[in-house]
Amino acid sequence: MKKLIPSITVLCSIVILLHSCAVSKNSVEQQNLPDQNLHDGPLTCFVQLNDGTIQNYTSLKLVTGIFVTPHLLADNKVVINSTDIIAYQNKEHYAVAAKILTSKKNSRVAVETLPGFAVKVLSGKLNVYSRKFYNGANTVEEYFLQQGNDGYIVAYTKDVLLTMLKDDIKALEYFNSNSMSPKSRKFLEAVVLYNSDQSLTRN
């Protein structure tokens, strides 16, 4: 019996280690994202560092320019580089870094936010993020979906959306209807219907 206990302990340790290795970097980084602008008061400004630490500021603005690497300027004096954070919120929006998005596309150009970051455009049971990037000629918009604030942020596809809407007949019927809304608007409107039984926030 005495020999069996250390063996069981070693076996449990190996199982735990293998499980932790199986958890992707993405899932680790997406946990513990702060609650963002889901309240009625004035928006706060903050950044979330790569280690999960939150730093609050009075102001936070995006700085871009021809010879300037896009970055954030906090309280008009603190420079914050995109590589140092996984998320931020300023007076305009809440945005998350490319490193926690399930997408192989990336952008080195700042369009509305730091390069590669996605901005939250709808909040509720189902969150929607939008990321804009240049395809060489035009600005293209890419969408991401997240169930609740703790779920993975995954690239939008019709199949992913249908899976997330499966328990809401009204939203599903609208999305599958012959509505004349543009494709992107119809998808967003379906999410609004899905979120309609609780308070919904835009931006």
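Quantities reported herein were computed from a predicted structural model and do not represent experimental measurements. (Residues numbered from 1 in each chain as written. Predicted model: local features only at pLDDT ≥ 70, side-chain atom pairs only at ≥ 80, totals over all residues. Heavy atoms only, no water.)

## Some points on the confidence of the model for the protein chain
Consideration 1: A residue-level look at the protein chain finds 70% of positions with pLDDT of 70 or above and a mean pLDDT of 77.
Consideration 2: Confidence drops under pLDDT 50 across residues 199-203; counting only partners more than four residues distant or on other chains, this segment forms 16 contacts. (pLDDT = per-residue confidence, 0-100. Contact = heavy atoms within 4.5 Å.)

## Focus on the nonpolar core
Consideration 1: One finds Leu 126, Val 128, Leu 145, Leu 161, Leu 165 and Phe 187 to be the most contacted residues of the largest nonpolar core, which totals 17 residues.
Consideration 2: Sorting the residues of this core by element identifies strand S10 (126-134), strand S11 (139-147), helix H3 (158-164), helix H4 (169-176) and helix H5 (183-195) as the ones contributing at least two each.
Consideration 3: Apart from the residues lying within four places of it in its own chain, the contact partners of Val 128 are Val 119, Lys 120, Val 121, Leu 122, Tyr 143, Phe 144, Leu 145, Phe 187, Leu 188 and Val 191.
Consideration 4: Residues Cys 45, Leu 72, Ala 97 and Leu 114 belong to the second largest nonpolar core, which totals 14 residues. (Core = buried A, V, L, I, M, F, W, Y, C linked by side-chain atoms within 4.5 Å. Buried < 20%, exposed > 50% of the residue type's maximum accessible area, 1.4 Å probe, protein only. Helix = DSSP H or I, 4+ residues; strand = E, 2+ residues; numbered from the N terminus.)

## With respect to the packing of aromatic side chains
Consideration 1: Per the counting criterion, the structure on display carries four aromatic pairs.
Consideration 2: Ring plane angle 75° and centroid distance 5.1 Å describe the contact between Tyr 143 and Phe 187, whose orientation is recorded as edge-to-face. Here the residue Tyr 143 occupies a position in strand S11, and Phe 187 occupies one in helix H5, the gap between them amounting to 44 residues. Of the two residues, Tyr 143 and Phe 187, neither departs from the other in class, the shared state being buried.
Consideration 3: Taking 4.1 Å as the distance between ring centres and 25° as the angle between the ring planes, the aromatic pair formed by Tyr 156 and Phe 187 counts as stacked. With a gap of 31 residues between them, Tyr 156 in the loop between strand S12 (153-155) and H3 and Phe 187 in helix H5 connect regions that are remote in the sequence. Residues Tyr 156 and Phe 187 agree in their burial class; the two are buried.
Consideration 4: Here a set of aromatic residues connected by ring pairs shows up, and it is made of Tyr 143, Tyr 156 and Phe 187.
Consideration 5: Stacked on the ring of Tyr 194, the Lys or Arg Lys 125 has its end atom at 4.2 Å from the ring centre. (Phe/Tyr/Trp six-rings, centres within 6.5 Å; stacked < 30°, edge-to-face > 60°. Lys NZ or Arg CZ within 6 Å of the ring centre and 35° of its normal.)

## Structural notes on the packing of H4 against H5
Angle between the axes and distance between the axes are the two parameters that describe a pair of packed helices.
Consideration 1: Closest axis-to-axis distance for the H4/H5 pair is 8 Å, and the angle between their directions is 170°. Put simply, H4 runs roughly antiparallel to H5. Where H4 abuts H5, its residues Lys 170, Ala 171, Tyr 174, Phe 175 and Asn 176 lie against Lys 186, Phe 187, Glu 189, Ala 190, Leu 193 and Tyr 194.
Consideration 2: Looking at side-chain class alone, the contact of H4 with H5 contains seven nonpolar, one polar and three charged residues. (Axes fitted to C-alpha atoms, helices over the stretch in contact; angles between N-to-C directions. Parallel < 35°, antiparallel > 145°, perpendicular 65-115°, else oblique. Nonpolar A, V, L, I, M, F, W, Y, C, P; charged D, E, K, R; others polar.)

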